[in-house]
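The lines below spell out each chain.
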Amino acid sequence: MAQLLQHLINGLAAGTIYALVALGYTMVYGVLKLINFAHGDVMMVGVYMGYATAFALGRDMRSSLLGVAVVFAVAMLGCALLGFFIERFAYRPLREKPRLTALITAIGISFALSYGFQLDIGFLPGAAPRAFPEVIEPVEWLVIGDRDVVVWNWQVISFGIAVALMVGLQYLVFRTRFGQAMRAVSWDHRVAALMGIPTDRVIALTFMLSSALAAGAGLLYAIKDTSVSPLMGLYVGLKAFVAAVIGGIGHVQGAVVGGLVLGLVEEFVVGYAASTWRDAVAFGFLILVLLVKPGGLFGRVAAEKV
Amino acid sequence: METPAIPVPQARSAVPASLRGLLPVLLALPVLALFQWLMSDAPFASYLLSVVGVNIILAVSLNIVNGMTGQFSIGHAGFMAVGAYISGVLSLNLKDVALSFLSVAVSDQVFFVVSLLVGGLAAALCGFLVGLPSLRLRGDYLAIVTLGFGEIIRVVVQNTDAFGRALGLSGIPQTSSPAMVYFFVFLTVLVARRITGSSHGRSLWAIREDEVAAEAMGVDTTGYKVRAFVISSFFAGIAGALFAHFVPIINPGSFTFVKSMEIVVMVVLGGLGSTTGAIIAATFLTLLPEGMRSLFTLLGAEGSLAQKVDQIRMPVYGLLLVVLMLARPQGLFGTKEIWDVLPRWIPRKRRGLA
């Protein structure tokens, strides 16, 4: 029983992080109908930005509340900028082209970033994984029984940050003018443009927002995993994407539910079956969901226009 | 999007119809024999040429699904892995068996071809299984399912004792030869070209251009999509099996998402739908790192830069994709074949059927 509870807690902690990354996928897909394959790699770049900032701050500074805030702010702002440039120079010129071209471009950017960061030329970090500095000092937040169930402070903090970000996003999308514009562009960007909505600006802002979210989620992941490597974006990104598709891509609540479900499924596979099968189970689960509900759990399959 | 002209049956020909289909094969065999003889004492060159050949098979076969049918599949390395492992295990088990009525070398080759075909068929079965979801999934979703499938194959291989887990298989008899690789290159290209010219190919093109319209015109879209997957994965399996029989060791690391993407880059660079484009792109991209390495060594950049070629390769592929999509989204040849874009003064084949 205690073991089950522990797995539930760990699964939820992992799931919230997946959910945050998945939200970025879902937002971009909702607005542009583009699977932003490079999303995970933007996240990875954000983690390295946070890594560099944490080192620059020094040991005492980075574990203070202000230090944590600075690390998150630098990474999120840096990624927002990166997202802006990617959108401006790689995706915007292809907006009226077939969707496949944009998908291939996204894959290209993903490869350029993840393998580019593996080089050890100049400031690039090289392929070896590195230990992420202790931004949040791990403390046991809650211990039940004779260490049967342990809840760490970073689990609570990342859960809190994730929930706050999700609630904020929900508010932004459904209660603000910008969110209204986003939803209009998502519905039909040509008609939205005719109605006077600056579609280019809305899309660019959506990209920046999703990239900033990715950086935040990536930092939480790095705190949990305590290591960073150039390929983490490829794999975490893929998982988060699976989460987004399970929930129904383009659907905000779906991404959250998909992330939590995926986190729990993975945790239970690792806990009760073999940890080496984790990736296969994640993808198997995805295929299963898609076969039963081709649009994901919350998505609808739109009737195709002829 | 331009489609090739509809083939016109040619009535006048000196060769009887029954022989005409066999003619390419009969022409290919002596050429391949000569090729094998030339390559016999150049181990590195024949290794390199075999890799080029395997990549050509992979690119041309992926082109059947990605290019001709327009179903974006990004798990091709998974099918390759199935072929490589199944045929590798088979060859390992048949290593000490020989057909008594044949000489050892010939008997080895017979077993080799058998294991190739078994590997190809196993991959084709997997292709059938992956093709089935395409009954319900379209576009991006199908791409993700193929990606997931490729990853599942890798994890399964990594966790199966019979496949050597993460260490992979070693000691597979090295029975492959450049001539054998190129015979299958030839077969793959022949099949791909025959498909383009057939009514089957028309249906694939129709699905690529507009699936809903194709269905409305009475094309059995799901049937054709599944068939395209089966044919494509069969040849990917063959390519994997060939690969397993000339490299000393195969392991799950050779068949990751990265390998799938390498093949996608080849197809996209050549032009989605162009068989000759896929061949040229596969050859170019396989030889490029070697060429760069030799160039750097020649220029005297000892060690550092020449060693970094493999590191630089992947980011360069990524940027290549981006630049290509921005500058020339249809790839080098688009949907055309090389003879459609050659200058006018070079004598051409008759238009239509190639």
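Residues numbered from 1 in each chain as written. Chains lettered and ligands numbered in written order. Predicted model: local features only at pLDDT ≥ 70, side-chain atom pairs only at ≥ 80, totals over all residues. Heavy atoms only, no water.

**Considering the overall build of chain B**
Regarding its fold elements, chain B presents 14 helices and 2 strands. The buried share of chain B, reckoned over its 354 residues, is 51%. Of the contacts made within chain B by residues no fewer than 6 positions apart, 82% connect residues no fewer than 24 positions apart. Accessible surface computed for chain B: about 15,600 Å², of which carbon and sulfur atoms make up 68%. (Helix = DSSP H or I, 4+ residues; strand = E, 2+ residues; numbered from the N terminus. Buried < 20%, exposed > 50% of the residue type's maximum accessible area, 1.4 Å probe, protein only. Contact = heavy atoms within 4.5 Å. Areas by Shrake-Rupley, 256 points an atom, 1.4 Å probe, with all protein chains shown as cover.)

**Observations regarding the overall build of chain A**
Summing up its helical and strand segments, chain A has 12 helices and 4 strands in all. A globule of 306 residues ought to have a C-alpha radius of gyration of about 19 Å, and chain A, at 19 Å, matches this closely. Dimensions along the principal axes, computed over C-alpha positions, put chain A at roughly 65 × 45 × 35 Å. Burial analysis of chain A (306 residues in total) assigns 53% to the buried set. Contacts spanning at least 24 positions in sequence make up 73% of the contacts within chain A whose residues lie at least 6 apart. (Rg over C-alpha atoms; globule rule 2.2 N^0.38 Å.)

**Considerations on the interface of chain A and chain B**
With 46 residues of chain A at the interface, the matching set in chain B holds 37 residues. Across the interface of chain A and chain B, roughly 3,800 Å² is buried in total on both sides, 79% from carbon and sulfur atoms. Linking chain A with chain B are 0 salt bridges, by the criterion used here. Counting the contacts that link chain A with chain B gives 0 residue pairs in polar contact (both at pLDDT 80 or more). Taken together, the elements giving at least two residues each to the side of chain A that touches chain B come down to α4 (65-91), α5 (99-116), α10 (232-247) and α12 (278-292) of chain A. (Buried area = accessible area lost by both parts, 1.4 Å probe. Salt bridge = Lys/Arg side-chain N within 4 Å of Asp/Glu carboxyl O. Polar contact = N/O pair within 3.5 Å; in protein donor to acceptor, adjacent residues only side chain to side chain.)

**Observations concerning the UniProt feature "transmembrane region" (unreviewed entry) in chain B**
Residue and element names in this part refer to chain B. The UniProt record annotates "transmembrane region" (unreviewed entry) at residues 21-38, 44-65, 72-90, 110-132, 228-251 and 263-288. Within the segment residues 110-132, helix and strand shares are 96% and 0% respectively, and the terminal C-alpha atoms sit 33 Å apart. Structurally, residues 263-288 comprises 85% helix and 0% strand, and the distance from its first C-alpha atom to its last is 14 Å. (UniProt positions renumbered as here; feature names shortened; annotations may be inferred.)

**Observations regarding empty space enclosed by the protein**
All names here are of chain B. Applying the stated criterion across every chain, the model contains 4 cavities of 30 Å³ or more. If you add up the space inside the largest cavity, you get close to 50 Å³. As for the largest cavity, its lining consists of Leu288, Pro289, Met292, Val309, Ile312, Arg313, Val316 and Tyr317. Per-element accounting of the lining of the largest cavity gives the leading share, 5 residues, to helix α13 (residues 304-327). (1 Å grid on protein atoms, 1.4 Å probe; cavity = no way out; pocket = protein on both sides within 12 Å on 5 of 7 lines; lining within 4 Å. Points joined across faces, edges and corners; volume = space filled by probe spheres on them.)

**Focus: the pattern of salt bridges**
Going through the model one piece at a time under the given rule, you end up with 13 salt bridges over all chains. Asp220 of chain B is paired through a salt bridge with Arg227 of chain B; the nearest N and O atoms lie 3.8 Å apart. The network of salt bridges with shared partners includes Glu87, Arg92, Arg95 and Asp200 of chain A.

**A few points about the packing of helix α1 (residues 2-32) of chain A against helix α9 (residues 199-225) of chain A**
Packed helix pairs are characterised by how far apart their axes lie and by the angle those axes make with each other. All names here are of chain A. Direction vectors running N to C along α1 and α9 enclose 165 degrees, while the axes themselves pass 9 Å from each other. Taken together, α1 and α9 sit at an angle that is classed as roughly antiparallel. Remark: the crossing between α1 and α9 carries left-handed chirality. Residues Ala14, Ile17, Leu20, Val21, Leu23, Gly24, Met27, Val28, Val31 and Leu32 of α1 pack against Ile203, Thr206, Phe207, Leu209, Ser210, Leu213, Ala217, Leu220, Tyr221 and Lys224 of α9. Looking at the contact of α1 with α9 residue by residue, the class counts come to 16 nonpolar, 3 polar and 1 charged. (Axes fitted to C-alpha atoms, helices over the stretch in contact; angles between N-to-C directions. Parallel < 35°, antiparallel > 145°, perpendicular 65-115°, else oblique. Left-handed = near helix turned anticlockwise from the far one by under 90°. Nonpolar A, V, L, I, M, F, W, Y, C, P; charged D, E, K, R; others polar.)

**Quick look at the pairing of strand β2 (residues 140-144) of chain A**
As paired strands, β2 of chain A and strand β3 (residues 149-152) of chain A are joined by 4 bridges and run antiparallel to one another. When the bridges of β3 of chain A are listed, Val143 of chain A appears paired with Val150 of chain A. (Pairing = 2+ DSSP bridges.)

**Focus: the UniProt feature "transmembrane region" (unreviewed entry) in chain A**
Residues and elements named next belong to chain A. Mapped onto this numbering, the UniProt entry annotates "transmembrane region" (unreviewed entry) at residues 12-32, 64-86, 98-117, 152-174, 202-223, 229-249, 256-274 and 280-303. Between the first and last C-alpha atoms of residues 12-32 the distance is 30 Å; the span itself is 100% helix and 0% strand. Spanning residues 256-274, this segment combines 89% helix with 0% strand, and its end C-alpha atoms are found 26 Å apart.

**Some details on helix α6 (residues 139-158) of chain B**
The end-to-end C-alpha distance of α6 of chain B is 29 Å, a good match for the 28 Å that 20 residues give at a rise of 1.5 Å each. Counting buried positions along α6 of chain B yields 16 of 20 residues, so the element is predominantly enclosed. (Expected span 1.5 Å × (residues − 1).)

**Observations regarding the packing of aromatic side chains**
For the coordinates displayed, the defined rule picks out 22 aromatic pairs over all chains. Ring centres of Phe84 of chain A and Phe85 of chain A lie 5.7 Å apart, and the angle between their planes is 70 degrees; this geometry places the pair in the edge-to-face category. Positioned over the ring face of Phe89 of chain A is Arg88 of chain A, at 5.6 Å from the centre of the ring. One residue, Arg227 of chain B, lies across the ring of Tyr224 of chain B, its end atom 4.7 Å from the ring centre. (Phe/Tyr/Trp six-rings, centres within 6.5 Å; stacked < 30°, edge-to-face > 60°. Lys NZ or Arg CZ within 6 Å of the ring centre and 35° of its normal.)

**Considerations on the layout of surface pockets**
A probe as big as a water molecule, rolled over the atoms, marks out the empty space that is left. All names here are of chain B. Approximately 810 Å³ is the volume found for the second largest pocket. The wall of the second largest pocket is formed by 30 residues, among which Val51, Lys259, Glu262, Asp310 and Arg313 lie closest to the centre. Going through the elements one at a time, α3 (43-68), α11 (257-270), α12 (275-298) and α13 are the ones with two or more residues in the lining of the second largest pocket. With 6 residues, α3 is the largest single contributor of residues to the lining of the second largest pocket. Among the residues forming the lining of the second largest pocket, the class breakdown is 17 nonpolar, 7 polar and 6 charged.

**Observations concerning the nonpolar core**
Counting 184 residues, the largest nonpolar core has Leu23, Phe37, Tyr91 and Phe132 of chain A together with Leu242, Ile250 and Phe255 of chain B as the members making the most contacts within it. In terms of residue count, α1 of chain A provides more of this core than any other element does, 13 residues in total. Excluding residues that lie within four positions of it along the chain, Leu242 of chain B makes contacts with Val54, Ile57, Phe112, Leu116, Ser176, Met180, Val181 and Phe184 of chain B. (Core = buried A, V, L, I, M, F, W, Y, C linked by side-chain atoms within 4.5 Å.)

**So, the environment of Leu238 of chain A**
Tracing the sequence through the fold places Leu238 of chain A in helix α10. The class for Leu238 of chain A is buried, based on a relative accessible area of 8%. Not counting residues within four places of it along the chain, the set of residues in contact with Leu238 of chain A comprises Tyr25, Phe37, Gly233 and Phe283 of chain A together with Leu147 of chain B.

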